[in-house]
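# Geometric and topological summary
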Amino acid sequence: MKRVILYPLLMLLGWWILAFFIQRSMLYPTGYVRVPARVNKPADLREIWIDTPAGKVEAWFIAGKGITAEQPGPAVLFAHGNAELIDHNLDLLGEYRKNGISVMLCEYRGYGRSAGSPSQSAITEDFIQFFDLLAAMPEVDKSRIIFHGRSLGGGAVCALSEHRKPAAIILQSTFRSVKSIAAKLLLPAFLVRDPFDNEAALTKFDGPVLIFHGTRDSAIPHSHGVALSKIARDVTFIEYQCDHNDFPPNEAIFWRDVETFLKEVEMMK
């Protein structure tokens with residue numbers, strides 16, 4: 001009888017020890033994310049580098065159409081998913097830009113050309129720097145900075161919102177918290193190194209929030225989006241019939257929904 005009880009306990013303990021050490025490689029699969037051989041950057045895209053204790057970390061910025069230092073406008077600070085780079089998100093520049101919204105694509109440490117290793121504390125520290133640089137740009141109306149995070153990026157911008165308040169938040173296919181996902185893998189909360197507690201962050205945020213989620217999301221279940229929508233105080237919740245990696249099923253409808261939200265909350269004309 002003792003062996004029957006002991007073996008499962010030892011297996012569980014072994015899993016906890018293993019998961020503690022490999023969880024960051026699962027959350028941040030940097031070894032599988034390759035820098036594209038060629039990226040067609042817009043001619044007026046600005047490469048920005050910040051200094052961190054681990055080395056330099058990259059961001060890209062482009063001003064919205066018609067936006068100048070004399071006529072500043074809104075801006076989006078964007079955080080991508082865990083298996084992406086800023087290089088993979090040039091479409092965001094075009095879609096936001098044509099609506100007169102400037103964009104900063106922020107990289108994570110250890111991704112692409114950026115130095116260091118990713119963690120919640122490192123990402124938050126760097127995003128604070130990126131936000132402050134964005135807010136100081138003469139083309140940017142610092143009262144209209146929007147955070148947009150996809151998947152892991154939702155955790156990055158929610159963590160940032162606890163240090164720098166945005167005018168609005170857009171969350172796309174984002175989890176309640178890493179702890180809530182770890183619990184399904186039998187990993188207790190106290191062993192989660194990067195909790196990214198989006199529920200706690202949204203509880204503190206009183207601005208408008210737009211939440212997107214796919215009803216068939218197999219990576220981050222649809223229930224996470226529903227739960228976040230019930231926590232946010234001023235929320236618009238939109239669901240599409242899709243999985244995680246085929247989101248959105250219709251780009252035109254997705255951007256129409258984004259534009260409608262930003263107009264309703266007076267982030268754009």
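This text gives an overview of the structure that appears in the document. (Residues numbered from 1 in each chain as written. Predicted model: local features only at pLDDT ≥ 70, side-chain atom pairs only at ≥ 80, totals over all residues. Heavy atoms only, no water.)

## Looking at the pairing of strand 3 (residues 73-79)
Counting buried residues along strand 3, 7 of its 7 residues qualify, which places the element largely inside the surrounding structure. Examined bridge by bridge, strand 3 and strand 5 (residues 140-150) share 6 bridges and lie parallel to one another. Paired with Leu77 across the strands is Phe147, a residue of strand 5. In this sheet, strand 4 (residues 102-106) lies alongside strand 3 in parallel orientation, the contact comprising 5 bridges. What sits directly across from Leu77, in strand 4, is Met104. Crossover connection from strand 3 via helix 2 (residues 90-97) to parallel strand 4: handedness right-handed. (Buried < 20%, exposed > 50% of the residue type's maximum accessible area, 1.4 Å probe, protein only. Helix = DSSP H or I, 4+ residues; strand = E, 2+ residues; numbered from the N terminus. Pairing = 2+ DSSP bridges. Right-handed = clockwise from strand over helix to strand, strands pointing away.)

## Here's the deal with the packing of helix 3 (residues 120-136) against helix 4 (residues 152-161)
In contact at an axis separation of 9 Å, helix 3 and helix 4 are set at 65° when each is read in the N-to-C sense. Judged on the interaxial angle alone, helix 4 and helix 3 are roughly perpendicular. As helix 3 packs across helix 4, the resulting crossing turns out to be right-handed. Two secondary-structure elements touch here, helix 3 through Gln120, Ile123, Thr124, Phe127, Ile128 and Phe131 and helix 4 through Ala156, Ala159 and Leu160. Of the residues that constitute the contact of helix 3 with helix 4, the class distribution is 7 nonpolar, 2 polar and no charged. (Axes fitted to C-alpha atoms, helices over the stretch in contact; angles between N-to-C directions. Parallel < 35°, antiparallel > 145°, perpendicular 65-115°, else oblique. Left-handed = near helix turned anticlockwise from the far one by under 90°. Contact = heavy atoms within 4.5 Å. Nonpolar A, V, L, I, M, F, W, Y, C, P; charged D, E, K, R; others polar.)

## Considering helix 8 (residues 251-264)
Over its 14 residues, helix 8 runs 20 Å from end to end, which matches the ideal 20 Å to within 8%, given 1.5 Å per residue. Here helix 8 has its buried residues at Phe254, Trp255, Asp257, Val258, Glu259, Phe261 and Leu262. Of the surrounding elements, those touching the buried residues of helix 8 are helix 2, strand 5, strand 6 (168-172), strand 7 (208-214) and strand 8 (234-240). With a side-chain oxygen positioned 3.0 Å from the backbone nitrogen of Ala252, the residue opening helix 8 is Asn250. (Expected span 1.5 Å × (residues − 1). Polar contact = N/O pair within 3.5 Å; in protein donor to acceptor, adjacent residues only side chain to side chain.)

## Digging into the pairing of strand 4
When you tally the buried positions in strand 4, you get 5 out of 5 residues, the bulk of the element. Burial along strand 4 is two-sided: the face carrying Ser102, Met104 and Cys106 and the face carrying Val103 and Leu105 are both buried. In terms of strand pairing, strand 2 (residues 55-62) meets strand 4 through 4 bridges, oriented antiparallel. Following the sheet pairing, Phe61 is matched in strand 4 by Met104.

## Some thoughts on the sheet that holds strand 2
Overall, mixed pairing links the 8 strands, which are arranged 1-2-4-3-5-6-7-8 in an open sheet. With one partner strand each, in any of the chains shown, strand 1 (46-52) and strand 8 form the two edges of the open sheet. Direction aside, the axes of adjacent strands within the sheet are offset by 20° on average. Bridge analysis of strand 6 against strand 7 gives 4 bridges, and the strand direction is parallel. Directly across from Ile169, in strand 7, lies its bridge partner Val209. Together, strand 3, strand 5 and strand 6 form the strand contacts of helix 4, whose direction differs from that of strand 5 by roughly 140°. Against the sheet, helix 8 contacts strand 5, strand 6, strand 7 and strand 8, and its axis sits at roughly 165° relative to strand 7.

## Some details on helix 4
Across the 10 residues that make up helix 4, a large majority, 10, are buried. Buried residues of helix 4: Leu152, Gly153, Gly154, Gly155, Ala156, Val157, Cys158, Ala159, Leu160 and Ser161, and no others.

## Observations regarding the environment of Tyr32
One can find Tyr32 in the loop between helix 1 (2-27) and strand 1. Through-space distance from the C-alpha of Tyr32 to that of Pro118 is 14 Å; in sequence the pair is 86 residues apart.

## Some points on the state of the cysteines
Taken as a whole, this structure holds 0 disulfides when the rule is applied. Note on Cys106: no disulfide assigned, nearest cysteine sulfur contributed by Cys158 at a separation of 15 Å. Residue classification places Cys106 among the buried residues on the basis of a relative accessible area of 0%. Under the relative-accessibility criterion, Cys158 is labelled buried at 0%. (Disulfide = S-S within 2.5 Å.)

The values reported here are purely geometric and, on their own, carry no functional implication.
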